[in-house]
Amino acid sequence: MQTDLHLVLSELQNITRLCRAPEIPDEQLLGRIDSASGICLAELRTIHDLLYRPQSAPEEAMLEGILASLSIVLREMRELVRCLSVRSPYLTRNLEGVARLALEICADCVPRRYAPNMREWMDIIQTVARDLS
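Rules of the game
Within any chain, residue numbers begin from 1 and follow the written order of that chain's sequence. Only residues with pLDDT of at least 70 get local features here, since the model is predicted, and only at 80 or more are side-chain atom pairs given and counted; chain-wide, interface and lining totals rely on the full set of residues. Side-chain metrics rest on all non-hydrogen atoms present in the structure, leaving aside hydrogens and water. Put simply, DSSP H or I for four residues or longer makes a helix, DSSP E for two residues or longer makes a strand, and each gets a number counted from the N terminus. Exposed residues in this analysis have more than 50% of their type's maximum accessible area, buried residues have under 20%, and partly exposed residues fall in between, with area computed by a 1.4 Å probe over protein chains only. Here Asp and Glu are counted as negative and Lys and Arg as positive; His is not counted, and neither are the chain ends. Salt bridges are defined as contacts in which a side-chain nitrogen from Lys or Arg sits within 4 Å of a carboxyl oxygen from Asp or Glu. N or O atoms closer than or at 3.5 Å make up a polar contact, with two conditions inside protein: a donor-capable atom paired with an acceptor-capable one, and, for residues adjacent in sequence, both atoms drawn from side chains. Throughout, a residue-residue contact means that at least one pair of heavy atoms, one from each residue, lies within 4.5 Å. Throughout this description, the term nonpolar core refers to a set of buried Ala, Val, Leu, Ile, Met, Phe, Trp, Tyr and Cys residues connected via side-chain atoms within 4.5 Å.

J.: Looking at this model, I keep getting lost on the side chain of aspartate 26. Mind explaining?
T.: Topologically, aspartate 26 is positioned in helix H2 (residues 26-52). One buried charge, aspartate 26, has no salt-bridge partner; the nearest side chain with opposite charge is arginine 87, at 9.4 Å. Among the polar contacts listed, one links the side chain of aspartate 26 to the backbone nitrogen of serine 85, at a separation of 2.4 Å. When sequence neighbours within four positions are dropped, the list of residues in contact with aspartate 26 reads Cys19, Cys83, Leu84, Ser85 and Val86.

J.: Looking at this structure, how should I read the nonpolar core?
T.: Soluble globular proteins tend to pack their nonpolar side chains together in the buried interior. Within the largest apolar cluster, 42 residues are counted, with the highest numbers of intra-cluster contacts made by Leu51, Leu67, Leu74 and Ile105. Those elements that place two or more of their residues in this core are helix H1 (2-19), H2, helix H3 (60-83), helix H4 (89-103) and helix H5 (116-132). If you tally residues by element for this core, the top one is H2, at 10 residues. Ignoring anything within four residues of it in the chain, the contact list for leucine 67 reads Ile47, Leu51, Ile105, Met118, Trp121, Met122 and Ile125.

In structure tokens:
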């Protein structure tokens with residue numbers, strides 16, 4: 001899962017670099033951001049399931065790494081969305097799904113209690129999710 005999140009992050013970073021180049025129109029980037037946002041949504045669904053099905057959750061240290069990676073991915077997605085002047089309907093739906101699921105990742109929402117550092121990652125994820133919705 002962390003590998004997948006890293007790949008999504010790399011793609012989002014590449015798209016963000018291209019987005020900041022004035023000679024490249026947003027329309028050329030939309031297919032790539034559509035794809036990356038779809039993969040991000042799928043990964044977020046998996047993470048959401050890990051948190052809401054505590055009987056199958058990984059160790060807390062592993063989960064902390066996953067949440068840290070997710071927070072970085074969501075921040076990069078927020079930067080990319082701010083760069084775009086247009087959005088496809090697919091991207092809009094994906095962003096709505098990402099925001100909805102990410103807003104449910106809160107220390108007081110999930111069934112299991114986590115250490116304070118995990119709560120911090122969950123708070124960061126929620127804050128960024130609000131910017132995406």
